[in-house]
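So you can see what is in the structure, the chains are spelled out below.
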Protein chains: 2
Amino acid sequence: MPRIKLILAYVGTNYHGWQIQKNGLTIQEVLETQLSRICNQPIRVHGSGRTDAGVHALGQVAHFDAPDSRLDFDWQLALNAMLPKDIAIVDTSPVPPDFHARFSAVHKHYSYTLWTEPRFTLPQRAPLVWAVHNLDLEAMDQAATYLAGTHDFAAFQNSGADTSSTVRTLEPMIRTPGQYPGEWVYHFQANGFLKQMVRNLMGFLVQVGRGALLPQKAQEILSGKDRCQAPGTAPPQGLCLEQVFY
Amino acid sequence: MPRIKLILAYVGTNYHGWQIQKNGLTIQEVLETQLSRICNQPIRVHGSGRTDAGVHALGQVAHFDAPDSRLDFDWQLALNAMLPKDIAIVDTSPVPPDFHARFSAVHKHYSYTLWTEPRFTLPQRAPLVWAVHNLDLEAMDQAATYLAGTHDFAAFQNSGADTSSTVRTLEPMIRTPGQYPGEWVYHFQANGFLKQMVRNLMGFLVQVGRGALLPQKAQEILSGKDRCQAPGTAPPQGLCLEQVFY
């Protein structure tokens, strides 16, 4: 049973997230359906983690065990011919049998893109950005410095998660210009992320950018460990899983 | 009757092009419907030119005559609140009554984006690129040098146009890297373009890139002035109207 690692890109707009569920179509379901068709047997796919409904990926990672009869099969070619245009296999590689897309992951990189031009949102970018205006970006950068480091991020985790520890180590946030003027990309890297953590961090930063909260409020929210004390969750469409490190 | 100039961006995927037609929804129709609603009277919009079904714009230009009662009205704010997400007003300005979006235009800039990575097409880019592989880009650049200048471009005009002259002056083509590795953007600028001229030029260049035609074939096709001697039309989704000059 050769184990295959997949790197996937997708536009999550039309999906109910990564993980298979009863309520709607998910990336995992589409992938498993096509892999099972190729293999003539049910194939289970294991992702590096869930992405929420509407969230995108450039480097989601998943693995599956292929039938022995499919050694040296070109999985990328076959899958990309069968997958819809909003899901693509960026790369495939054989991995040792102890590789696990989720449990072997040591580090993840998410990006969150803001569109700050107030008068319009470019249609070419609308599906991939959160349009918010009149932000004090420097205040947001300052707030981000309080978030970096090893903290209990319980206040930035939405309910419904089954994690035993809410302590994570967040690298210093990096902000880069986006593809168009007024677009800013926020890069979040950590040894792991809690449920909706990036969207909650972004929701907090935008409240700082709007002047509703002071940057140093980050410390108080972190130490309070209370989700109700933190601002709302940023919408999904600005978020993208960029890369998973092993 | 103040005359208003609009600069529009749109993703053309879901539209039957710019110009109003019976067969399907167009950008012009959506725009006129919302403007007429704002003005409580029928408003006719004049574009700088048609864009084909599936073609995008970052800088389409249109004008209309507003009712006198709407002096100093914020057209951008009102329209962007009413338009669907795949159409946006990038800018508006009052113009003299002799300004005409089509007849006053002196120069246009189109881009055409190729996705050349053969193993996959990034879903984030798929709606805005033409995926073609194994191209000799240098041969294409060389072919493009034969196309630049003042020529009769009849061989690159599709039928159904009502232009009196098919002579146009094409600036030297520029090729720039796109937003992702393997993406290349071809820039076409001219004092005017014939029907589907950019897509026909691109269709020719790609045939050169594939090795099916020699670069210098451009001269023969130009002088033949016969559409049937030129390769097929490139698909619409790679094309974008970048800017109209006045």
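Chains are numbered independently. Their residues run from 1 in the order of the written sequence. As they are written, the chains are lettered A onward and the ligands numbered 1 onward, keeping that order. Per-residue local features are limited, in this predicted model, to residues with pLDDT of at least 70; the limit for side-chain atom pairs, both in listing and counting, is 80 or more; totals at the level of whole chains, interfaces and linings are taken over all residues. Only heavy atoms go into the side-chain values, all of them from the structure, while hydrogens and water stay out.

Right, let's talk about the packing of helix H3 (residues 137-147) of chain B against helix H5 (residues 217-224) of chain B for a bit. Angle between the axes and distance between the axes: these two values describe a pair of packed helices. All names here are of chain B. Axis angles are defined between N-to-C directions and span 0 to 180 degrees, where every axis is a line fitted to C-alpha atoms and, for a helix, only to the segment in contact. Strands here mean DSSP runs of E at least two residues long; helices mean DSSP runs of H or I at least four residues long; both are numbered from the N terminus. Where H3 meets H5, the axes come as close as 8 Å, and the angle between the chain directions of the two elements is 35°. The chirality of how H3 crosses H5 is right-handed. For the pair H3 and H5, contact is made by Ala-143, Tyr-146 and Leu-147 and by Ala-218, Gln-219 and Leu-222, respectively. Its residues assigned to classes, the contact of H3 with H5 comprises five nonpolar, one polar and no charged. Take the far helix as the reference: if the near one is turned anticlockwise from it by less than a right angle, the crossing is left-handed, and if turned clockwise, right-handed. Residues count as neighbours in contact if any of their non-hydrogen atoms are within 4.5 Å of one another. All amino acids are sorted into three groups, where Ala, Val, Leu, Ile, Met, Phe, Trp, Tyr, Cys and Pro are nonpolar, Asp, Glu, Lys and Arg are charged, and the leftover types, Gly among them, are polar.

Residues and elements named next belong to chain A. Boundary definitions for the domains trace back to an automatic or database domain assignment. One can read the domain layout of chain A as domain 1 (3-95) and domain 2 (107-245). Look at where the C-alpha atoms of domain 1 and domain 2 centre, and you get two points 27 Å apart. Each partner contributes to the interface: domain 1 provides 15 residues, whereas domain 2 provides 14 residues. Note on definitions: salt bridges are taken to be side-chain nitrogens of Lys or Arg within 4 Å of carboxyl oxygens of Asp or Glu. Between the two partners, domain 1 and domain 2, sit one salt bridge. In this structure, Asp-52 engages Arg-199 in a salt bridge whose closest nitrogen and oxygen atoms are separated by 2.8 Å. We define a polar contact as two N or O atoms separated by no more than 3.5 Å, with the added condition that, inside protein, one atom must be a possible hydrogen donor and the other a possible acceptor, whereas residues neighbouring each other in sequence contribute only through side-chain atom pairs. Here domain 1 is connected to domain 2 by 10 residue pairs in polar contact (both at pLDDT 80 or more). In terms of residue class, the side of domain 1 that touches domain 2 is built from five nonpolar, eight polar and two charged.

In this assembly, 26 residues from chain A lie in contact with 26 residues from chain B. Of the roughly 1,900 Å² buried between chain A and chain B on both sides combined, carbon and sulfur atoms contribute 57%. For the pair chain A and chain B, the number of links is two salt bridges. The residue Asp74(A) makes a salt bridge to Arg119(B) at a minimum N-O spacing of 2.8 Å. The tally of links between chain A and chain B comes to 11 residue pairs in polar contact (both at pLDDT 80 or more). Looking at the side of chain A that touches chain B, the elements that each hand over two or more residues are strand E1 (3-10), strand E3 (56-65), helix H2 (75-82) and strand E4 (87-95) of chain A. When residues of the side of chain A that touches chain B are assigned to their parent elements, the largest contribution, four residues, is made by E4(A). Using a 1.4 Å probe, buried area is obtained as the accessible area two parts lose upon being combined, added over both of them.

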